Amino acid sequence: MKVVPGPDGWPEAYEYTVSGRTVRIVSEPAPGIRPILHMKLFHAANDHYGMSPLEAAATAIDLHNTAAAWNKALLDNSARPSGALVYTARDGNLTTEQYERLKAELEAGFQGSANAGRPLLLEGGLDWKSMSLSPKDMDFIEARHVAAREIALALGVPPMLLGIPGDNTYANMAEAQRMFWRQTVLPLVERTAKALSMWLAPAYDPVSGFSLTPRLELRPDLDQLPALSPEREALWTQLEASTFLTINEKRALAGYGPLSDVPQVEPKCRPDQPRIPAGQSGGGQWTGGDEGDTTDDDGRRNPLLHQIVKKPTKKPADTGKNPVDVPKLGEKPATRTRRSDRSAAEAATDTPSWARGEAPRVGENGKDFAKRLLDEKYGKDNYKTGADSEFSKIKKFADRAFD
């Protein structure tokens, strides 16, 4: 196949030659479709034909073939040169007839693997001088291995897949196989599929002609490749654990189309939902909206959110006890009245000094009063409640000293 360039350098025809006959291919088999799809790799000095990987590895291929031929020749000669026959007679050299007869007898009776080790019968005046190769000259196996690695690299094949002794283990074999598919096979398949799609697309969309989104698109089905199953399983595991993605978003990342009957996820915040004013702690955070949630993102109660979000007030159930008077925003809570019939010594003999200035709120009993003070001072339930504890002393102070 030969490219026929036009006046502007672009191919205008192709010539196919076989058995001395040449056929020029010019006409289009269908409107808008070129007669020949010419795919080539990059070549810095040849835009028409490109460079084949075998051309880059030509020297290594010749070396590998030569080493194989050298190996076969050595085996045919018992893996060593047979040596030399030296004529030591006093009457001079062998005649031409004697030389040719001796050579023919040696080739017929002593050359080849079938005649290896056969004794040599010499006539008078002939002496055998044995010759051999050094170990370095015999190291043709390593030369073939080096050439095989260079050929594999030129073709994009990891050398571990060649089965050369010492190069492969089970771990790097599996990794090399995935690398071979990802870096060599799949790029060539995708390149070929795109070229075929662009070549045949005008036949499927003859009205609009060339389009960036043609109606014909060829794509490889990567799910059918057993070599990529570990990567596919890892992707599915990551998508399954991603709670912030919708079902259709997960399907798109996995290479599947969307579903029409999937319920849409409602947003957690609305544009008109109030936020904490800027400049305050937690400024800019969303409030709980209509439900009155007053917690931060980490689940802790935020007093600023409590001030902004007004919870619906419910009428307390009638339990026979006075309900705690919850003050309005900015008001000081009402407290119970100090009893005048009890002296300070009778009411608070062992009360902690820091709690003597406090008073229970209206509707708050001694237990709730002690719990509120200790929660504010030490943290929620971070204190003891047994006998002789501060909890017990503050509770007794509230029960005895206040109405």
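Residues numbered from 1 in each chain as written. Predicted model: local features only at pLDDT ≥ 70, side-chain atom pairs only at ≥ 80, totals over all residues. Heavy atoms only, no water.

**Concerning a nonpolar patch on the surface**
Stated formally: Only residues whose relative accessible area exceeds 30% and that take part in no salt bridge are eligible for patches, with like-charged residues grouped when within 9 Å of each other and nonpolar side chains (Val, Leu, Ile, Met, Phe, Trp, Tyr) grouped when within 5 Å. Per-residue and other accessible areas were derived by the Shrake-Rupley procedure at a 1.4 Å probe size, with only the shown protein chains allowed to occlude residues. Definition used for salt bridges: Asp or Glu carboxyl oxygen within 4 Å of a side-chain nitrogen of Lys or Arg. Elements are defined by DSSP. Helices are runs of H or I of four residues or more, strands are runs of E of two residues or more, and each kind is numbered from the N terminus.
Together, Met 1, Tyr 16, Val 18 and Val 23 make up an exposed nonpolar region whose accessible area comes to about 380 Å². One can find Met 1 in the segment before β1 (2-5).

**Remarks on the sheet that holds strand β2 (residues 11-18)**
As a reminder of what qualifies: Paired strands are those between which DSSP finds at least two bridges. In this analysis an axis means a line fitted to C-alpha atoms, helices contributing only their contacting stretch, and an angle means the value between N-to-C directions, from 0 to 180 degrees.
Overall, antiparallel pairing links the 3 strands, which are arranged β1-β2-β3 in an open sheet. Two strands in the sheet have a free side with no partner beyond their single neighbour: β1 and β3 (21-25). Ignoring which end each strand starts from, the neighbouring axes of this sheet average 30° apart. As judged from the 4 bridges shared by β1 and β2, these two strands associate in the antiparallel manner. Note that in β2 the partner of Lys 2 across the bridge is Glu 15.

**Side note on the pairing of β2**
Following β1, the chain reverses through 5 residues before pairing antiparallel with β2; Gly 9 in that reversal takes a positive phi of roughly 95°. As paired strands, β2 and β3 are joined by 5 bridges and run antiparallel to one another. In the strand pairing of β3, Tyr 14 is matched with Ile 25. Here β2 hands over to β3 after 2 residues, with Ser 19 in that stretch at a positive phi of 55°.

**As for the packing of aromatic side chains**
Counted only if it meets this: Under the pairing criterion, centres of Phe, Tyr and Trp rings, with the six-membered ring standing for Trp, must be within 6.5 Å; the plane angle then separates stacked pairs below 30 degrees from edge-to-face pairs above 60, leaving the rest tilted. We call a charge positioned above a ring when the Lys NZ or Arg CZ atom is no farther than 6 Å from the ring centre and deviates by at most 35 degrees from the ring normal.
Within the structure shown, the criterion is met by 2 aromatic pairs. Above the plane of the ring of Trp 354 lies Lys 377, whose end atom (NZ or CZ) is 4.9 Å from the centre.

**So, the confidence of the model for the protein**
Close reading of the predicted structure is inappropriate where its pLDDT is low. Short version of the rule: Confidence scores per residue from the predictor, reported as pLDDT, run from 0 to 100. Residue contacts follow a heavy-atom distance rule, with two residues in contact if any of their heavy atoms lie within 4.5 Å.
Mean pLDDT over the protein works out to 76, with 70% of the residues at or above the 70 mark. Mean pLDDT across the secondary structure elements of the protein bottoms out at helix α8 (residues 303-308), with 42, and peaks at β3, with 90. Here residues 289-313 scores under 50 on pLDDT; set against residues more than four positions off or in separate chains, the count is 40 contacts.

**Some remarks on the side chain of Thr 184**
Here is the rule: What qualifies as a polar contact is a pair of N or O atoms within 3.5 Å, subject to a donor-acceptor requirement within protein and to the restriction that residues adjacent in sequence count only when both atoms come from side chains.
Structurally, Thr 184 is set in helix α5 (residues 170-204). Among the polar contacts made by the side chain of Thr 184, one reaches the main-chain carbonyl oxygen of Gly 156 at a distance of 2.4 Å.

**Some points on unusual backbone geometry**
Which entries qualify depends on this criterion: The cut-offs for exposure are 20% and 50% of the maximum accessible area for each residue type, with area from a 1.4 Å probe on protein chains only; residues under the lower value are buried, those over the upper are exposed, and the others partly exposed.
The backbone phi angle of Ser 19 is positive, close to 55°, even though this residue is not glycine. With respect to the secondary-structure elements, Ser 19 resides in the loop between β2 and β3. Accessibility expressed as a relative area gives 73% for Ser 19, which makes it exposed. Of note in this structure, Asp 388 is not a glycine but carries a positive phi near 65°. Tracing the backbone through its elements, the reader meets Asp 388 in the loop between α10 (366-378) and α11 (390-401).

**Overview of the environment of Asp 381**
Along the chain, Asp 381 turns up in the loop between α10 and α11. The partly exposed category is assigned to Asp 381, whose relative accessible area is 48%. Separated by 10 residues in the primary sequence, Asp 381 and Lys 371 have C-alpha atoms spaced 8.0 Å apart. Residues within four places of Asp 381 in sequence aside, it is in contact with Lys 371 and Asp 375. A polar contact of 2.9 Å, which involves the side chain of Asp 381, links it to the side chain of Lys 371.

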